[in-house]
Amino acid sequence: MADTQQVDEGAGAKAERKAERKAARLAKEIDAFAGAHGGAEGQVAYIGQRGARIVLVGEDGVWGDLVAPTYDIAEKAVQQAGIIVHEAFDGEFAGKVKTGPYEWTRMAGIQVGGKRTV
């Protein structure tokens, strides 16, 4: 008679599978952004209890961001997407961002007391 053992998946295994699925979905979104903008580079920043922010800058200067529930998931997502990841959002990397009228109006409205665009 063969011994059989029921494998009881605990909460840890379920959480790990959920994290892997989330990282894969984020990587797919990063790939889509990179495809639409001629490639992309990114930076991952911890934003507290909300998780981590993945800032993406396309080769055409367009930027966007995604929020991951944890820093580890964000790191897995950018790794799966295969993009260049910068330690900080400064210098040459930040210089690639192109801002348009919306950003300038929005920034001026908040900083100088101008009309809000929201």
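That block above? That's the structure.
A. Summary view of the overall build of the protein chain. The number of helices and strands found in the protein chain is 4 helices and 4 strands. Reading the secondary structure of the protein chain in the N-to-C direction produces α-β-β-β-α-β-α-α. Within the span of the protein chain, comprising 118 residues, buried residues form 28% of the whole. Within the protein chain, contacts between residues separated by at least 24 positions form 52% of all contacts whose residues are at least 6 apart in sequence.

B. Here's a closer look at the sheet that holds strand β3 (residues 63-68). Taking strand neighbours across the sheet as the criterion, the 4 strands line up as β3-β2-β1-β4 in an open arrangement whose pairing is mixed. The strands lining the two open edges of the sheet, one partner per strand, are β3 and β4 (84-86). Adjacent strand axes in the sheet meet at a mean angle of 30°, parallel and antiparallel pairs treated alike. Across 7 bridges, the pairing between strand β1 (residues 40-46) and strand β2 (residues 52-58) is antiparallel.

The rules behind the values
Residues numbered from 1 in each chain as written. Predicted model: local features only at pLDDT ≥ 70, side-chain atom pairs only at ≥ 80, totals over all residues. Heavy atoms only, no water. Helix = DSSP H or I, 4+ residues; strand = E, 2+ residues; numbered from the N terminus. Buried < 20%, exposed > 50% of the residue type's maximum accessible area, 1.4 Å probe, protein only. Contact = heavy atoms within 4.5 Å. Pairing = 2+ DSSP bridges. Axes fitted to C-alpha atoms, helices over the stretch in contact; angles between N-to-C directions.

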